[in-house]
Amino acid sequence: MDVKAIVKLTVNGQDYRVDVEPRRTLVDAIRRDCGLTGTHIGCEHGVCGACTVIVDGDPVRACLMFAVQAEGKDIRTVEGLTADNELHPVQKAFMEHHGLQCGFCTPGFLMLAVAVLERDPDIGDDALIDILSSNLCRCTGYQNIVRAVRMAAADMRERSRCRDVPENKF
Ligand code: FES
Ligand code: FES
């Protein structure tokens, strides 16, 4: 028997009502049912990180979560990074520091980096490299990916410093 569940997913601030089998993974629901194909699927068993999205502020491998488990949570995908037609600092840094080659791993790295930097923009080099090593790049562009995330961290720190300076200070 074909058992299905109606699930409301909130992705990038928009609600999607999807009719899915309970075994449907979140990444399949995002791509096939919500039509957001920016999130990629690689290994499908939690190793490569290509499917990384942000769920309630945490980076999550969307191939290891069922869509039904994501109901009521705040899901963010690569499509939601650009605001007001402006690239996110992490996207800019990847572009400027050649953080991508074929681009297959890029959405997963971007979402991982955004989650990490939002949590700790002052993250040290060792911790950053350790976290980024959880995702795989088959083009092996790791050095530029790490460099891009470091640059994005500096940019995000600078932006938040400027926001914190009271206007009448000058
Ligand atoms: S596709 Fe999810 S970790 Fe590889
Ligand atoms: S840029 Fe090709 S897999 Fe990473």
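Conventions used here
Residues numbered from 1 in each chain as written. Chains lettered and ligands numbered in written order. Predicted model: local features only at pLDDT ≥ 70, side-chain atom pairs only at ≥ 80, totals over all residues. Heavy atoms only, no water. Helix = DSSP H or I, 4+ residues; strand = E, 2+ residues; numbered from the N terminus. Rg over C-alpha atoms; globule rule 2.2 N^0.38 Å. Buried < 20%, exposed > 50% of the residue type's maximum accessible area, 1.4 Å probe, protein only. Contact = heavy atoms within 4.5 Å. Areas by Shrake-Rupley, 256 points an atom, 1.4 Å probe, with all protein chains shown as cover. Lys, Arg positive; Asp, Glu negative; His and termini not counted. Charge placed at Lys NZ, Arg CZ, Asp CG, Glu CD. Expected span 1.5 Å × (residues − 1). Domains from an automatic or database assignment. Buried area = accessible area lost by both parts, 1.4 Å probe. Salt bridge = Lys/Arg side-chain N within 4 Å of Asp/Glu carboxyl O. Polar contact = N/O pair within 3.5 Å; in protein donor to acceptor, adjacent residues only side chain to side chain. Nonpolar A, V, L, I, M, F, W, Y, C, P; charged D, E, K, R; others polar. Pairing = 2+ DSSP bridges. Axes fitted to C-alpha atoms, helices over the stretch in contact; angles between N-to-C directions.

Student: What am I meant to see in the overall build of the protein chain here?
Tutor: When helices and strands are counted, the protein chain shows 5 helices and 5 strands. When the helices and strands of the protein chain are read in sequence order from the N terminus, they spell out β-β-α-β-β-β-α-α-α-α. For 170 residues, the compact-globule estimate of 2.2 N^0.38 gives 15 Å, and the protein chain sits close to it at 17 Å. Across the 170 residues in the protein chain, those meeting the buried criterion constitute 42%. Expressed as a percentage of contacts within the protein chain between residues at least 6 apart in sequence, the contacts between residues at least 24 apart total 56%. Of the roughly 9,500 Å² of accessible surface on the protein chain, 49% is carried by carbon and sulfur atoms. Computed over 20 positive and 25 negative side-chain charges, the inter-centroid distance for the protein chain is 2 Å.

Student: Looking at this model, I keep getting lost on helix α3 (residues 106-119). Mind explaining?
Tutor: Residue pairs spaced three or four apart in an α-helix point in one direction, given the helix's 3.6 residues per turn. Its 14 residues give α3 an end-to-end C-alpha distance of 20 Å, which sits within 8% of 20 Å, the value for a rise of 1.5 Å per residue. Of all 14 residues that make up α3, 12 are buried, and the element is covered over most of its length. Of the residues making up α3, those classed as buried are Thr106, Pro107, Gly108, Phe109, Leu110, Met111, Leu112, Ala113, Val114, Ala115, Val116 and Leu117. Buried residues in α3 make contact with β3 (52-55), β4 (58-61), β5 (74-76), α2 (89-96), α4 (125-132) and α5 (142-164).

Student: Would you mind showing me how to read the domain arrangement of the protein chain here?
Tutor: Often the size quoted for an interface is simply the accessible area lost on bringing the parts together. Split by domain assignment, the protein chain resolves into domain 1 (5-80) and domain 2 (89-163). Using C-alpha coordinates to define each centre, domain 1 is positioned 21 Å away from domain 2. Between domain 1 and domain 2, a total of about 1,300 Å² is buried, with carbon and sulfur atoms accounting for 59% of that surface. Applying the counting rule to domain 1 against domain 2 returns 2 salt bridges. Applying the counting rule to domain 1 against domain 2 returns 7 residue pairs in polar contact (both at pLDDT 80 or more). Only β3 and β4 provide two or more residues apiece to the side of domain 1 that touches domain 2. Looking at side-chain class alone, the side of domain 1 that touches domain 2 contains 8 nonpolar, 7 polar and 3 charged residues.

Student: Hey, could you run me through the pairing of β3 in this one?
Tutor: Two faces, one strand: in a regular strand the side chains alternate between the faces of the sheet. The two faces of β3 match: Thr52 and Ile54 on one face and Val53 and Val55 on the other face are all buried. Relative to β4, β3 is paired through 4 bridges, and the arrangement is antiparallel. When the bridges of β4 are listed, isoleucine 54 appears paired with proline 59. As consecutive antiparallel partners, β3 and β4 are separated by 2 residues, and within that stretch aspartate 56 has a phi angle of approximately 50 degrees, a positive value. Across 2 bridges, β3 lies against β5 in antiparallel orientation. Its bridge partner lying in β5, isoleucine 54 is registered against arginine 76.

Student: Just checking my understanding: could you explain the sheet that holds β3 for this structure?
Tutor: Adjacent strands of a sheet pair through backbone hydrogen bonds, lying either parallel or antiparallel. Across the sheet, which stays open at both edges, the 5 strands sit in the order β2-β1-β5-β3-β4 with mixed pairing between neighbours. Taken across any chain shown, the strands that pair with only one partner, and hence form the sheet edges, are β2 (14-20) and β4. Each strand of the sheet is rotated relative to its neighbour by a mean of 40 degrees, with strand direction disregarded. This element, helix α1 (residues 26-33), spans β1 (5-11), β2, β3 and β5 of the sheet and lies at about 100 degrees to β3. Running over the sheet, α3 touches β3, β4 and β5 and is turned about 35 degrees from β3.

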